[in-house]
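# What the coordinates show
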Amino acid sequence: MQRSAPRPSRSRTRNRVRLLACAAVPVMIVAAGCSSDSDSDSAKDKPAATTSKAATKVAAAKFTSLPADPCKSIAKKTIEDLVPKAKDKSGSSGKSSDITTRGSCSWNGLDDNGVKGSQYRWLDVSFMRYDSDEGLGSGQDRAADYYKKEVAKASATEGAKGTKATPTPGVGTEATAITYSLTKTDESFGYATVVARSENVVITLTYNGAGYAGAKSPAASDLVKDAAKATKEAVAAVPGTAK
């Protein structure tokens, strides 16, 4: 006669359940510990992200506008001295789609003395302003880059002779004067270009002249003195500049 297997007692069954329940407890504790570490790491990352975002901010640009009328950035008396017999003493303003970002003005005139010779002068001033941009950099840094390009451009004028670039202290944040001579229409012209940066604004002023009918053309070294004076006035004309 075949015997059936003995059934476990109720007490043994209860003991086995208890052992399984206890074995599961450490697993739950470990899982809870991992979850806690993950949350802690995530919390630590948040301040770093905030710091990184703050680090990308750039300094605000100092100047927010340019002279409303570039032709008034240089005194009338200075224009009379630099450009005698100017065709239009009020100047000829250049076109600009945004006068708070760029602007320019020029003057020219011929002091005709007949057989005694004549003197021609031409003066031009231009302004370029840069705003700060988190993707492009601060207005000051952007202006500094443009300043270097303007100096390089003037120094590399095609056909120029005797080119010389020298620092010009006392004009804006930094300034460089470039002088040279250039032959046009069979006449020798003396040139002086002063490139100045005032924080986030760059001013480029060019002054040139020539003598006609036997008159002697001005030396570039003489022109640069007047050009530097006019540039100082243009720098001071930028709104917000301390007078």
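Figured I'd write up the structure that's included with this text.

A complete count under the given rule lists 1 disulfide for this structure. Between the sulfur atoms of Cys71 and its disulfide mate Cys105 the distance is 2.0 Å. Residues Cys71 and Cys105 share a disulfide whose torsion about the S-S bond is about 100°; that sign makes it right-handed. Residue Cys71 is found in the loop between helix H1 (10–55) and helix H2 (76–82), and its partner Cys105 is found in strand S2 (residues 102–112); the two are separated by 34 residues along the sequence. The class for Cys71 is buried, based on a relative accessible area of 9%.

We now examine the sheet that holds S2. What the 7 strands build is an open sheet, ordered S1-S2-S3-S7-S6-S5-S4; its pairing is antiparallel. Whereas interior strands pair on both sides, the edge strands pair on one side only; in this sheet they are strand S1 (92–93) and strand S4 (161–167). Where strand S5 (residues 174–184) and strand S6 (residues 187–198) come together, 11 bridges link them in antiparallel fashion. Among the inter-strand pairings, Glu174 is bridged to a residue of S6, identified as Arg197. Relative to the sheet, helix H3 (residues 139–155) contacts strand S3 (118–129), S4, S5, S6 and strand S7 (201–212), its axis offset from that of S6 by approximately 170°. Against the sheet, helix H4 (residues 220–236) engages S3, S5, S6 and S7, with an angle of about 30° to S6.

A word on the side chain of Thr78. Its location among the elements puts Thr78 in helix H2. Its relative accessible area of 3% is what places Thr78 among the buried residues. Side chain to side chain, Thr78 and Glu233 meet in a polar contact 2.7 Å long. With residues up to four places along the chain from it excluded, the contact list for Thr78 reads Lys229, Ala230 and Glu233.

Count 3.6 residues to each turn of an α-helix, and residues three or four apart come out pointing the same way. Along its 17 residues, H4 runs 24 Å from first to last C-alpha, staying within 8% of the 24 Å computed at 1.5 Å per residue. Within the span of H4, buried status applies to Ala220, Leu223, Val224, Ala227, Ala228, Ala230, Thr231, Ala234 and Val235. Along its buried surface, H4 packs onto H2, S3, S5, S6 and S7.

Definitions and cut-offs
Numbers given to residues run from 1 along each chain, matching the order in which its sequence is written. Where local features are concerned, this predicted model is filtered to residues with pLDDT of at least 70; where side-chain atom pairs are given and counted, the filter is 80 or more; whole-chain, interface and lining totals use all residues. Values reported for side chains reflect all heavy atoms of the structure, with hydrogen atoms and water molecules removed beforehand. The criterion for a disulfide is a pair of cysteine sulfur atoms lying within 2.5 Å. Strands here are runs of E lasting at least two residues and helices are runs of H or I lasting at least four, both read from the DSSP assignment and numbered beginning at the N terminus. Classification of residues uses two cut-offs on accessible area relative to the type maximum, computed with a 1.4 Å probe and protein chains only: under 20% is buried, over 50% is exposed, and between them is partly exposed. Any two strands with at least two DSSP bridges between them are considered paired. Residue contacts are defined here by distance: any two heavy atoms, one from each residue, within 4.5 Å place the two residues in contact. Between N-to-C directions, angles cover 0 to 180 degrees, with each direction set by a line fitted to C-alpha atoms, over the stretch in contact for helices. Polar contact criterion, stated in full: a pair of N or O atoms within 3.5 Å, where within protein one must be able to donate a hydrogen and the other to accept it, and residues adjacent in sequence count only if both atoms are side-chain atoms. What a helix is expected to span follows from its residue count: subtract one and scale by 1.5 Å.

The values are spatial; any link to function lies outside them.
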